[in-house]
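Breakdown of the fold
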Amino acid sequence: MAEGIKDKVAIIGMGCTKFGESWDKSYEDLIVDAFKECIEDAGIEKKDIPAAWFASCFDEVFAGKAGTPLSTTLKLPFLPVTRVENFCASGTEALRGAAYAVASGVYDIALALGVEKLKDTGYGGLPDFGSVMGTKNRLITPNMTAPGAFAMMATRYFSVYNLSPEEGKRMLARISSKSHHNGTLNPKAHLRREVTVEQIMNAPIVAWPLGLFDCCGVSDGGAAAIVTRADMAKKFRPDPVYVKSLQIALSSGEEIGYTDFDYAHVETGYRAGQRAYREAGITNPREEISMAELHDCFSITECVTYEDLQFSARGRAREDIESGRFDLDGPQPVQPDGGLKCFGHPIAASGLRMIYEMYKQLQGKAGPRQIKNPKLALTHNMGGMPALNLIGVCIVGL
Amino acid sequence: MAEGIKDKVAIIGMGCTRFGEAWDKSADDLMIESSMECMEDAGLEKKDIDAAWWGCCFPMGGLSGLPLSMLLKLPFIPVTHVENFCATGTEALRAASYAVAAGVYDIALAIGVEKCKDTGYGGLPDFGGMMGGTSRWDMPNATAPGLFAIMATSYFAKYGLSPEEGKRTLAKIAVKSHHNGTLNPKAHMRREITVDEAMNAPIVAWPLGLYDCCGVSDGSAAAIVVRAEDAKKYRPDPVYIKSFNIAISSGEEKMYTDWDYAHVETTVRAAAKAYKEAGITNPRKEISMMETHDCFSITELTEYEDLGISPRGRAKEDVDAGFFNLDGQIPNQPDGGLKCFGHPIGASGLRMIYEMYKQLQGKAGPRQIKNPKIGLTHNMGGFPPMNVIGISILGL
Amino acid sequence: MVGITSYGAYIPRYRINRNTIYSAMGWLNPATLMPGEKAVANCDEDNISMAVAASLDCLNGLEREKIEGLYLATTTSPYRERQAAGIVATALDLRPEIRTADFTDSIKAGTTALLAACDAIKGGSAKRVIACAADSRLGKAGSAQEEIYGDGAAALLLGDSGVIATLEGSYSVSYDFTDHWRGEEDKFDRTWEDRWIRDVGYTKFIPEAISGLLKKYELSIKDFAKVVYPALYVREHAAIGKGLGADPGQIQQQMLATVGDSGVASPLMMLVAALEDAKPGDKILLASYGNGSDAMFFQVTQEIDKVRDRRGIKGHLALKRELTSYEKYAAFRGTIPIEKGIRGDEIAFTQLSNLWRERRAVLALYGSKCKRCGTPQYPPQRICVRPDCGAIDEMEDYRFSDKKGHLFTYTGDSLAFSTSPPAIYGMIDFEGGGRYNFDLTDCDLDSIKVGMPVEMSFRRKYADPARGIYGYFWKAVPVQA
């Protein structure tokens, strides 16, 4: 029987660029920046790398449909480079591809790198779904944007749990203001400004009921990791970070096509979380997970994720939000680096960026936002829309 | 030290649709067909699958694994979308193989599909979409036949072949594949052609003519892999993976003047690693049969040399001698190849493995090769100066 | 016995008061002020979508598989070549084994289509044929046409059984009378002097056709319960009837002050209005206008009382929302270019081979229903979506276009490009099962609530003018309580 990935793989180096509107940088620049920091951190050289996994989601915007953007940018000497994609969870997929390759004994070391250059479209928000979703869907799906698809979850959540728009928006505002605070402590974050609950609530509406500050940044950036087999990790550094679980779950189609789904939670998030806890041997995530980076593409996403991952009881995230449970000084800090909200969201880099923060926190290198003695960290990386998506959950620890 | 993939993974089921211009079928229809054949062949049901890898190069349903999970109603299992140009299908199988070899899953599905015939024009979808932003400015408005035609030009020049001689050699390659295609009910093109027909066909990109180019097809292929030690539980004749290697251009072919544009460097590199991993020292003697990436006749010609089967510059002699014919020493493209089976991008890598799998199991019907031991597939993505090669070596 | 067996109509939800137009453009042409309001197609409506809506009203409760032909009259098709009737027939889910044709290039084409449908039935080549007419005509900013032209559609089902009004006779005149025209490159009508049109056009051709009909069938104008004909001029409209000897009570009132002149649809919409009030035994005389005139008359039967559950003219007149902005009106009709942003300009090409394969799913809103567990699902699936079923290839076709639904959740999206922002869309759960994401239309964000009932409406989903492609799909419209 398959026994899973727990403690088979360790991360021995990571790199992450500053995220933001990098008008002066190409995707190649971002790849090189993330890569340099990563191999330096791992204490290895390019020639030590035998294989790589590359993630980038909007290929039509820049890079092409293969591993060649990575191999030709880094001049990797005829290595295998595989391009993986799973919407906004592409970065987590790159790490997963690399992790399986070393765990299977095919390679000793593997590189996972995610990059996205979003700010070359000429407009705000993500590249239009007309090109992302393919032409068949365009014939039958509304001209949807990401904020719109997630706004529908807020509408439902408010309706199911009987929150007035004002109450609901206040709860969501509290989530964003927390992330804005954390972002001010992070020099690599895209948005580094405190905002108040009132400012958030009064911001222009992007997709009702979500306003500007309910939406994460649209950013350029890259992040990278070097993995090796766990039994070799200490040869590279004294404080490798071990993969305790790595789980992906994709929609089966029933959420969008069958009427049972309530659109007030994300089913894949719940399923991936359950599997990850089993794999990592966690029985009480509210107590055992020290900190997390969740996929807060929108404030409502973070809200339902608290419940999907059982940090909060179903329908009761609001109490935990209001009590400050997920604040940097709370019992279970979430988005210590600012999250997608403020670190920013270069699609295929985000999954690796989340792990980057957990890795630095576990190694005690998170500077002014350092969490005290974290043991187990969780990242939750989502791609797609509430009714049609995939979730990658990764648990890492020392 | 890493020991590679040899004999860790076995294929226990495969499926492949008929390739062709499937005007009445969507990519969804094709994937259902190939996955159903595959599961039936493996004696498994959908619920037995732990995880899946999906290869598709021009995904009409978005850049994720969702088109597959939503289609097959896979119950919240992981599905990952992989891409490496025309070698995408090989990548799907490679990822599935690593996942079972790592002990993370017991049973993994790899599936590749391409629906090429919804663009409204012949050939592949335009590279404007494929190659991304900046390459549109600094590359000629190139097509696939054009970029491979350049290799024919430099090959002819380097080895002193007149266009007439060169084209005749290439024509023989196409004639051989057309013959094999007639024996394959799933092939896109099933008609014999003559050397003269091939040589006199309209030019697509000089010096390549119509019959130097493979079919542009719709189709899908799928495989199920398990760990080698579990394989016999499922069937008496699983096919084992002896090697799996990918090599991708480093940029030096395109930007550094050492490369001759008369061979494909990634093939040389991937083949060297693959032979080492599989323990093959004399490929010309040890390989029983092959499916190589004959997107164009010139590609197949250079592959004979790059794979170390023919000496450098002397593939013509082997072609003339019928070395690669179905009744030759190393039959190549027994199923018709990309040339005649057709080339639905994301499916082709798995289609090649499908043919080797059926041949190894002795189930290839009128085109059965006698007692094959070792089969090689060679799957290329991209263009001679910038590409990715996937090589698999399979055996019983 | 051949005649009308059912009727339906469609008037778009939006109305603009002519004062609104005049306030914006009256400075240019102070003589244009006309009374009342006119109907304005929403930015996602055109002649094709309105023809579908009127035809659906007409086919309410009837068996669509028995229809053998569809004739569409229109002068405002988005395509010069691609049959509009074919799109409408597909959307209506009619069988492929039918005869379809577009009748166009003259505003009398509506009555011509009606007569051609009756002739087909009389000639024995079909038993049931729909004749529908729809127009959404443009006037240049500040023109009289801009004030006069309104948008609308009507549909009549013709047949030889269950006839509610038999066609008793017809009389046509045809003249190459160039009162208005559009050249190959013209977006807007060009017209000759309106006094000439009034005195030599309307007031000559309509009386000529009606008189010819009366003479041919030895009838008197007094034999008719209603006399139906259009005229752009209120005074002349009355004068034409008076000149023919009709009492004012016999003359079917026009809808110039509520809908406007809806071109080919005008005479048929007026006929539908007359049928809504008709009693068994009534005779109705109908004449059209445009390069001559078609006149015809009907005898209403007892069956008329079986066809009362149509939204028709009265129902649609009652459903209205005022468009208070001239600029919004001009943007809806495309008479001024608007800034779509780069996001709005980005349009992927339409795969026509794919659209062909998926035509029933896209244009007729067909999903599938699992024969094993009975779950309807959209778009059509081969593997059942219900988690505890999962049957493979056990589906039957299932039409969603005529199913009611409920709004499960929604948003108003200000980031997505829309000519009428915010783009409102949501998830619809259908009565009887099935759900999918749909655009919402004919509503505003403040008026919708989770759980409210919706019905499906065929609309233009996108336009790709650079490639000459207009895409159609179904949207959800909140049902007004």
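Quick caveat: nothing in here was measured; it's all calculated off a predicted structure. Per chain, the residues get numbers from 1 upward, laid out in the order the sequence is written. All chains are assigned letters beginning at A, and all ligands numbers beginning at 1, according to the order in which they are written. With pLDDT at 70 or above as the cut-off, local features in this predicted model cover only qualifying residues; side-chain atom pairs require 80 or more to be listed or tallied, and sums for whole chains, interfaces and linings still use all residues. Based on all heavy atoms of the structure, the side-chain values leave hydrogens and waters out of the count.

This paragraph deals with the overall build of chain B. By definition, any uninterrupted DSSP run of H or I lasting at least four residues is a helix, any uninterrupted run of E lasting at least two residues is a strand, and each is numbered from the N terminus. Along its length, chain B carries 15 helices and eleven strands. Radius of gyration here is computed from C-alpha atoms only, and the compact-globule reference equals 2.2 Å multiplied by the residue count raised to the power 0.38. Since a compact globule built from 396 residues should have a radius of gyration of about 21 Å, the 19 Å found for chain B is in line with a globular shape. If you line up chain B on its principal axes, its C-alpha atoms span 60 × 45 × 45 Å. Counting over 396 residues, chain B shows a buried share of 71%. A fraction of 77% describes how many contacts in chain B between residues 6 or more apart in sequence connect residues 24 or more apart. Buried residues are those whose accessible area, probed at 1.4 Å on protein chains only, stays under 20% of the maximum for their type, while exposed residues exceed 50% and partly exposed ones sit between those limits. In what follows, a contact means two residues having at least one pair of non-hydrogen atoms within 4.5 Å.

On a plain count of helices and strands, chain C comes out with 13 helices and 22 strands. Relative to the globule expectation of 23 Å for 481 residues, the C-alpha radius of gyration of chain C, 23 Å, shows essentially globular dimensions. Dimensions of chain C, computed from the C-alpha atoms along their principal axes, are close to 75 × 55 × 40 Å. The burial tally for chain C puts 60% of its 481 residues in the buried class. Within chain C, contacts between residues separated by at least 24 positions form 72% of all contacts whose residues are at least 6 apart in sequence. Per-residue accessibility takes into account occlusion by the displayed protein chains alone, with areas from the Shrake-Rupley method and a 1.4 Å probe. With an accessible surface of roughly 18,700 Å², chain C has 50% of that area assigned to carbon and sulfur atoms. Residues counted as positive are Lys and Arg, residues counted as negative are Asp and Glu, and His and the chain ends are not counted. We put the charge of a Lys on NZ, of an Arg on CZ, of an Asp on CG and of a Glu on CD. Within chain C, one finds 59 positive and 63 negative side-chain charges whose respective centroids are separated by 2 Å.

Turning to the interface of chain A and chain B, a few remarks are in order. Interface size is commonly expressed as the accessible area that is lost once the parts come together. Every contact between the two is made by 68 residues of chain A and, on the other side, 65 residues of chain B. Together, the buried faces of chain A and chain B total about 5,100 Å²; carbon and sulfur atoms form 56% of this surface. As used here, buried area is the combined drop in accessible area, with a 1.4 Å probe, of two parts when they are placed together. It is Lys65, Phe78 and Leu250 of chain A in chain A that bury the most area against chain B; as a group they hold 18% of the surface buried on that side. Salt bridges are defined as contacts in which a side-chain nitrogen from Lys or Arg sits within 4 Å of a carboxyl oxygen from Asp or Glu. If you look at where chain A meets chain B, you find one salt bridge. Between arginine 83 of chain A and glutamate 83 of chain B there is a salt bridge whose closest N-O contact spans 3.5 Å. Pairing of N or O atoms within 3.5 Å defines a polar contact, subject to two protein rules: one partner must be a possible hydrogen donor and the other a possible acceptor, and residues neighboring in sequence count only if both atoms are side-chain atoms. Remark: the boundary between chain A and chain B carries 27 residue pairs in polar contact (both at pLDDT 80 or more). Every element with two or more residues in the side of chain A that touches chain B is listed here: helix H2 (68-74), strand S3 (81-85), helix H3 (90-103), helix H5 (134-140), strand S8 (241-250), helix H9 (254-257), helix H10 (267-280) and strand S11 (388-397) of chain A. Across the side of chain A that touches chain B, the residue classes tally to 32 nonpolar, 18 polar and 18 charged. Strand direction decides the pairing type here: S3 of chain A and strand S3 (residues 79-83) of chain B, joined by three bridges, are antiparallel. In the strand pairing of S3 of chain B, glutamate 85 of chain A is matched with histidine 81 of chain B. Any residue outside Ala, Val, Leu, Ile, Met, Phe, Trp, Tyr, Cys, Pro, Asp, Glu, Lys and Arg is labelled polar, Gly included; the first ten of those are nonpolar and the last four are charged. One bridge is not enough; two strands pair if DSSP finds at least two bridges between them.

Attention now goes to a nonpolar patch on the surface. All names here are of chain C. A cluster of nonpolar residues, Trp181, Trp192, Trp196 and Val200, forms a patch on the protein surface that exposes about 390 Å² of accessible area. Residue placement: tryptophan 181 occurs in strand S9 (residues 180-181). The exposure class of tryptophan 181 is partly exposed, given its relative accessible area of 32%. Excluding any residue in a salt bridge, patches collect residues exceeding 30% relative accessible area, merging like charges within 9 Å and nonpolar Val, Leu, Ile, Met, Phe, Trp and Tyr side chains within 5 Å.

This next bit is on the domain arrangement of chain C. All names here are of chain C. Domain delimitation follows an automatic or database domain assignment. Domain annotation of chain C identifies domain 1 (3-332) and domain 2 (403-478). Distance between the C-alpha centres of domain 1 and domain 2: 28 Å. Each partner contributes to the interface: domain 1 provides 21 residues, whereas domain 2 provides 17 residues. Summing both partners gives a buried area of about 1,700 Å² for domain 1 against domain 2, and 49% of it is carried by carbon and sulfur. It is Arg13, Asp44 and Tyr79 in domain 1 that bury the most area against domain 2; as a group they hold 30% of the surface buried on that side. At the junction of domain 1 with domain 2, the criterion picks out six salt bridges.

Time to look at helix H8 (residues 265-277) of chain C. Every α-helical turn comprises 3.6 residues, leaving residues that sit three or four positions apart pointing alike. To estimate the expected span of a helix, subtract one from its residue number and multiply by 1.5 Å. Here H8 of chain C is 13 residues long and its end C-alpha atoms lie 19 Å apart, about the 18 Å a rise of 1.5 Å per residue gives. Buried within H8 of chain C are the following residues: Ala265, Ser266, Pro267, Leu268, Met269, Met270, Leu271, Val272, Ala273, Ala274, Leu275 and Glu276 of chain C.

Relative to the elements of secondary structure, threonine 350 of chain C occurs in the loop between helix H11 (341-345) and helix H12 (352-357). What makes threonine 350 of chain C buried here is its relative accessible area of 11%. A polar contact of 2.7 Å, which involves the side chain of threonine 350 of chain C, links it to the side chain of tyrosine 462 of chain C. Setting aside chain neighbours within four positions, we find threonine 350 of chain C in contact with Arg138 and Leu139 of chain A together with Tyr462 and Ile469 of chain C.

As a rule of thumb, soluble globular proteins bury nonpolar side chains together. Side-chain atoms within 4.5 Å are what join buried Ala, Val, Leu, Ile, Met, Phe, Trp, Tyr and Cys residues into a set we call a nonpolar core. By size, the foremost hydrophobic cluster in this structure holds 168 residues, and its most contacted members are Tyr157, Ile300, Phe311, Leu378 and Ile395 of chain A together with Ile130 of chain C. The biggest single contributor to this core is helix H6 (residues 146-160) of chain A, with nine residues. By size, the runner-up hydrophobic cluster in this structure holds 83 residues, among which are Trp53 and Val84 of chain A together with Val9 and Ala221 of chain B.

At the junction of the two partners, chain C supplies twelve residues and chain B supplies 18 residues. Here chain C packs against chain B, burying approximately 1,200 Å² in sum over the two surfaces, 54% of which is carbon and sulfur. When the area that chain C buries against chain B is broken down by residue, the three leading residues are Arg357, Arg382 and Ile383 of chain C, summing to 51%. Taken together, chain C and chain B are joined by two salt bridges. Residue aspartate 118 of chain B pairs with arginine 357 of chain C through a salt bridge whose shortest N-O separation is 2.5 Å. For the pair chain C and chain B, the interface holds nine residue pairs in polar contact (both at pLDDT 80 or more). Across the side of chain C that touches chain B, the residue classes break down as five nonpolar, four polar and three charged.

Any Phe, Tyr or Trp ring, taking Trp's six-membered ring, that has another such ring centre within 6.5 Å forms a pair; planes under 30 degrees apart are called stacked, those over 60 apart edge-to-face, and the others tilted. Summed over all chains, the structure comprises 43 aromatic pairs over all chains. Centre to centre, the rings of phenylalanine 85 of chain B and phenylalanine 383 of chain B are 6.5 Å apart; their planes meet at 35°, and the pair counts as tilted. Residue phenylalanine 85 of chain B is located in the loop between S3 and helix H3 (88-101), and its partner phenylalanine 383 of chain B is located in strand S10 (residues 374-383); the two are separated by 298 residues in the primary sequence. The residues phenylalanine 85 of chain B and phenylalanine 383 of chain B share a single accessibility class, namely buried. With a centroid separation of 5.8 Å and an interplanar angle of 45°, the aromatic rings of tyrosine 326 of chain C and tyrosine 329 of chain C are classed as tilted. In this pair, tyrosine 326 of chain C and tyrosine 329 of chain C are both assigned in helix H10 (residues 326-332), three residues apart and thus about one turn of the helix distant. We classify tyrosine 326 of chain C as buried; its relative accessible area is 8%. Residue tyrosine 329 of chain C is classed as buried on the basis of its relative accessible area, which comes to 5%. Aromatic rings pair up to connect Tyr175, Phe177, Trp196, Tyr202, Phe205, Tyr233 and Tyr289 of chain C into one cluster. Charge-over-ring placement is defined geometrically: NZ (Lys) or CZ (Arg) within 6 Å of the ring centre, and within 35 degrees of the ring normal. A cation sits over an aromatic face here: arginine 284 of chain B above phenylalanine 323 of chain B, 4.1 Å from the ring centre. Between arginine 360 of chain C and the ring centre of tyrosine 366 of chain C, over which it is positioned, the NZ or CZ distance is 3.8 Å.

Predicted confidence across chain C gives a mean pLDDT of 96, with 100% of residues reaching 70 or more. Here the predicted complex scores 0.93 on pTM and 0.93 on ipTM. For every residue, the predictor assigns a confidence score, pLDDT, that lies between 0 and 100.

Our focus in this paragraph is helix H1 (residues 18-25) of chain C. Residue and element names in this part refer to chain C. Taken together, the buried positions of H1 are Arg18, Thr20, Ile21 and Met25. All buried residues of H1 project into a common sector of 160° when viewed along the axis, lining one side. Contacts from the buried residues of H1 go to strand S2 (14-17), strand S3 (37-40), helix H5 (144-148), strand S14 (321-322) and H10. The N-capping residue of H1, defined by a side-chain oxygen 2.8 Å from the backbone nitrogen of asparagine 19, is asparagine 17. Directions from the helix axis toward the C-beta atoms define the arc.

Moving on, we come to the pattern of salt bridges. According to the stated counting rule, one finds 89 salt bridges over all chains in the structure shown. With a closest N to O distance of 2.7 Å, lysine 158 of chain B and aspartate 260 of chain B form a salt bridge. Highlighted residues: lysine 158 of chain B in helix H6 (residues 144-158) and aspartate 260 of chain B in the loop between helix H9 (252-255) and helix H10 (265-278), separated in sequence by 102 residues. Aspartate 320 of chain B is the partner of lysine 316 of chain B in a salt bridge, and the nearest nitrogen-oxygen pair spans 3.5 Å. One end of the pair, lysine 316 of chain B, and the other, aspartate 320 of chain B, are both in helix H13 (residues 315-321), four residues apart, so they sit about a helical turn from each other. In this structure aspartate 320 of chain B comes out as partly exposed when scored by relative accessible area, which is 38%. Several salt bridges share partner residues, and in doing so they unite Asp93, Arg360, Asp397, Arg399, Asp402 and Lys403 of chain C into one network.

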